Amino acid sequence: MQSIIRLENITKSYFMGSQAIPVLKGITLDIFKNEYVALMGPSGSGKSTLMNILGCLDTPTGGKYILNGQDVSKMPDDSLADVRNGEIGFVFQQFNLLPRLTAAENVALPLIYAGIPKKERMERAMEALRKVGLADRSHHKSNEMSGGQIQRVAIARALVNNPSLLLADEPTGNLDSKTSVEVMEIFGQIQAAGNTVVLVTHEEDIAEYAKRVVRLRDGVIETDKLNAHKEAVV
Ligand code: ADP
Ligand code: MG
């Protein structure tokens, strides 16, 4: 199997004045193409720090990050931005939709920055909305949609560039349990369609929907296991 993510002894410290505070303390991990991985761990264990590194939103202090065969750990910021825009879709706990725009316009936003003409933007936005089952909500604004629908629009926006890697940091953190399950099933469909999905959750029953669970504790990997009932289909 081919790794889409290869981490070799990744460390990350935050600096408070001259004092270094170690947060990631040597993470070595391979994630293969087309996996569906849940990253778990207590609050403060370094999940978001790791996701930001995976998403090329931040750089590690030490170690190596190979994304799709390319060493991104020491890339300058502008090259990192290209990698981010080309290969990665990111979904946050806060949905971050622009309230004055419709669902389709929100989904199309990353394509404006990519300089794609309007007609194609709208076609691709509709295609992404179809993938999350929301083609019939394309003209709705945030205040006309439920929390789950808004999060699905945010997922569509993350998919609109056809990224090979979809990352989501606590995407169900603001949703009730029924809606969380719907969102996890959408991620499952996205994975089944060929993407690699890595998401953070701190809820055990939500992590059940992923096929592999990696647990962090205090900046190191504590366990890394396939979900037993999913093993047959991996
Ligand atoms: P998690 O997502 O698992 O809750 P985080 O990665 O957000 O954990 O944080 C891990 C640790 O790093 C925490 O102790 C947090 O306070 C600290 N931390 C996170 N971001 C910063 C930052 N920008 N500056 C300083 N410390 C930070
Ligand atoms: Mg976090």
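Not measured: the values here are computed from a predicted model.

Draft legend 1. Helix α5 (residues 147–159), seen in detail. Between the first and last C-alpha of α5 there are 19 Å, a value that for 13 residues agrees with the 18 Å anticipated at 1.5 Å per step. Most of α5 sits inside the fold, with 11 of its 13 residues counted as buried. Within α5, the full set of buried residues consists of Gln 149, Ile 150, Gln 151, Arg 152, Val 153, Ala 154, Ile 155, Ala 156, Arg 157, Ala 158 and Leu 159. Summarising the contacts, the buried residues of α5 are in contact with β6 (88–91), α3 (103–113), α4 (118–131), β7 (165–169) and α6 (177–192).

Draft legend 2. Structural context of the sheet that holds strand β3 (residues 36–40). In space, the 6 strands of this open sheet follow the order β6-β7-β8-β3-β9-β10, with mixed pairing throughout. Two strands close off the open sheet at either side, each with one partner strand: β6 and β10 (220–226). For this sheet, the mean angle separating the axes of adjacent strands, direction not counted, is 15 degrees. Relative to strand β9 (residues 212–217), β3 runs parallel, the two being bridged by 4 bridges.

Draft legend 3. Here's a closer look at the confidence of the model for the protein chain. Taken residue by residue, the protein chain gives an average pLDDT of 94. The fraction at 70 or more is 97%. Taken together, the chains of this predicted complex give a pTM of 0.94 and an interface ipTM of 0.98.

Draft legend 4. The arrangement of the pairing of β6 in detail. Burial along β6 is two-sided: Ile 88 and Phe 90 and Gly 89 and Val 91, pointing in opposite directions, are all buried. Direction of pairing for β6 relative to β7: parallel, over a ladder of 4 bridges. Within β7, the position partnered with Gly 89 by the bridge is Leu 166.

Draft legend 5. Here's a closer look at the packing of α3 against α4. With their axes 8 Å apart at the nearest point, α3 and α4 run at an angle of 120 degrees to one another. With respect to α4, the element α3 is oriented oblique. In terms of crossing hand, the pair formed by α3 and α4 is right-handed. Contacts between α3 and α4 involve Ala 103, Ala 104, Val 107, Ala 108, Leu 111 and Ile 112 from the former and Arg 121, Met 122, Arg 124, Ala 125, Met 126, Ala 128 and Leu 129 from the latter. Counted by class, the contact of α3 with α4 contains 11 nonpolar, no polar and 2 charged residues.

Rules used in this analysis
- Think of each chain on its own: its residues are numbered from 1, step by step along the sequence as written.
- Chain letters start at A and ligand numbers start at 1, both assigned in the order the entries are written.
- Restriction of local features to residues with pLDDT of at least 70 applies here, the model being predicted, together with a cutoff of 80 or more for giving and counting side-chain atom pairs; totals for whole chains, interfaces and linings are based on all residues.
- Put simply, DSSP H or I for four residues or longer makes a helix, DSSP E for two residues or longer makes a strand, and each gets a number counted from the N terminus.
- Expected span of a helix, by definition, is 1.5 Å for each gap between consecutive residues, and there is one gap fewer than residues.
- Remark: C-beta atoms are placed from the backbone, and a residue is labelled buried if 20 or more other C-beta atoms sit within 10 Å of its own, exposed if 12 or fewer do, or partly exposed between those counts.
- Whether two residues are in contact is decided by their C-beta atoms, placed from the backbone, lying within 7 Å.
- Being paired, for any two strands, means DSSP has found at least two bridges between them.
- What counts as an axis is a line fitted to C-alpha atoms, over the stretch in contact for a helix, and the angles between N-to-C directions run from 0 to 180 degrees.
- Per-residue confidence from the prediction method is given by pLDDT, with values spanning 0 to 100.
- Here the word oblique covers every angle except those under 35 degrees (roughly parallel), over 145 (roughly antiparallel) and from 65 to 115 (roughly perpendicular).
- Should the near helix be turned anticlockwise from the far one by less than a right angle, the crossing is termed left-handed; should it be turned clockwise, right-handed.
- Ten residues, namely Ala, Val, Leu, Ile, Met, Phe, Trp, Tyr, Cys and Pro, are considered nonpolar, four, namely Asp, Glu, Lys and Arg, are considered charged, and the remaining ones, Gly among them, are considered polar.

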